[in-house]
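These are the residues of each chain, in order.
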Amino acid sequence: ILWTAVQFECLLCADDNRLSAEGETLAGHTVLNTLPRYILYDVNKPEGFNLRRDVFIRMASFIHHMNKVSDYHWILVLPPWHRLYHWRSSNLVQDRVPWSLFFNVDSIKNIVPVVELHEFFQMNGLRPLDAQVTLQDFNLKSFDQYPDFSDKWEIANCKGQVQKEFWNLNNLTFTKSLCISFQGISTLLADIVQELQPRTIIFDHAELALHNYYGGQEYWRIRKSMQFSNNLHEIAKEFMKKNLKQDYLCAHLRRRDFLYGHPSDVPSINNTAKQIIEKLSLMSNIKTIYIATDASKKEFEELNNYLQPYEVFKFEADEKTLNNFLDGGVAIIDQIICSQAKYFIGTSKSTFSFRIQEEREILGLPVETTFNSFCGDNIVKCTQPTKWRFVE
Ligand code: GFB
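Residues numbered from 1 in each chain as written. Predicted model: local features only at pLDDT ≥ 70, side-chain atom pairs only at ≥ 80, totals over all residues. Heavy atoms only, no water.

A few words now on the pairing of strand β9 (residues 248–253). The buried fraction of β9 is high, at six of six residues. Residues Tyr248, Cys250 and His252 point to one face of β9 and Leu249, Ala251 and Leu253 to the other, with burial holding for every one of them. Relative to strand β10 (residues 288–293), β9 is paired through six bridges, and the arrangement is parallel. Residue His252 lies in a different strand from β10, and its bridge partner there is Ala292. Bridge count for β9 against strand β12 (residues 343–345) is three bridges, and the pairing is parallel. (Buried < 20%, exposed > 50% of the residue type's maximum accessible area, 1.4 Å probe, protein only. Helix = DSSP H or I, 4+ residues; strand = E, 2+ residues; numbered from the N terminus. Pairing = 2+ DSSP bridges.)

Spelled out as structure tokens, the structure:
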């Protein structure tokens, strides 16, 4: 399933009509305008899977925009999933995982012109990319006294380290590399492309580019196309058929680094159980609880004890499933099961929970069963998630 650098083969290079590195045609007629151009991107290393899914939507909007305003056909290259910080199974190789392991890429291709990285290499070979652009924040000092929130960008000295090797591929090289201070929506990246006129370009720190219109029609069209792969749906379905025979409540408990990153949003295990039982006391038809969590075994057992006599389930991947679908696939199975629950409670501020809420909106489930989150232990006023409603 994983691909390696040695598999790269350049289809265009074997073709009479190929472009040379300088952009001449070899077959005597200009194909420059008809060949697609490619945009690659990467995201700040520590970011998790579900924030990266959101960055994809912003980049997909940008590609749509490019294809409206430019004479060329632009294709977005799906960044492989590579050694994410939260993927904890150290015995597994979780390098450069293609999107097709997790998503139905054909469904995405119906809405957004995308290719996987290995498909890009088949077209481009090992030719250097025309440009590497590292996005960075504007210096606060340059704001004078008052912050300026207008959309803007400028070529600048690099503030931090520039990434030399994307996804540990030493054969992905660049003709030129520059840093750009950037503030604004993702379609503003089009101005940079216009200025640099590259055929292939990679943006690093793409998370700095914001949504054009979060929660609008285009957002949902792209979001809806990001279906999980059939294989993962099948595994979730099998688990639900076997274990979750009745209506169930799903609770997503985000712990581990969230205990430090968002301490006031994460209740203690005891308090978590109390909040679940309180909800269930209002819904006499639900007796079954599904727990999705990154908590330790010990924390889960503690929670399970507090929740007795309710029936409590958690998906435990067998060795084959874990080997085939990795930590990322197991997390998605949790998300699929939660998205189909009768009632959902998530963890405040977790993008893992947000993506479940979106999935439930796409499925058309009642809004009051979706936008709920746990309250931290010492919170006076516990705010519930914003209701981002699906727009067709
Ligand atoms: O997805 P994610 O960006 O959500 O990152 P947050 C959390 C990761 O932890 C998931 C694992 O992608 C999973 O790998 N994980 C979390 C889970 N909950 C579960 C679960 O219920 N089941 C399974 N199987 N795995 C942000 C991060 O996390 O938290 C930021 O994106 C930062 O980088 C911040 O660390 C504090 O939005 O919850």
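Let's pick the thread back up.
Taken together, 20 residues surround the ligand, and among them Asn50, Arg254, Asp257, Ser350 and Thr351 come closest. In the environment of the ligand, an oxygen atom lies 2.6 Å from a nitrogen or oxygen atom belonging to the side chain of Arg254. Its free accessible area being 710 Å², the ligand has 87% of it covered by the protein chains. Taken together, the elements giving at least two residues each to the shell around the ligand come down to α1 (49–69), β10, α10 (319–339) and α11 (351–363). Ranked by residues supplied to the shell around the ligand, first place goes to α1 with three residues. In the shell around the ligand, the residues fall into eight nonpolar, seven polar and five charged. (Near = heavy atom within 4 Å. Polar contact = N/O pair within 3.5 Å; in protein donor to acceptor, adjacent residues only side chain to side chain. Areas by Shrake-Rupley, 256 points an atom, 1.4 Å probe, with all protein chains shown as cover. Nonpolar A, V, L, I, M, F, W, Y, C, P; charged D, E, K, R; others polar.)

Now for the nonpolar core. If you look at the biggest cluster of nonpolar residues, it comprises 73 residues, and the most contacted ones within it are Ile39, Phe56, Phe203 and Tyr290. A per-element tally of this core places α1 first, with nine residues. Apart from the residues within four sequence positions on either side, Tyr290 is in contact with Phe239, Leu244, Tyr248, Leu249, Cys250, Ala251, Phe313, Lys314, Phe315, Asp334, Ile337 and Cys338. Within the second largest apolar cluster, 19 residues are counted, among which are Leu249, Ile289, Leu303 and Ile345. (Core = buried A, V, L, I, M, F, W, Y, C linked by side-chain atoms within 4.5 Å. Contact = heavy atoms within 4.5 Å.)

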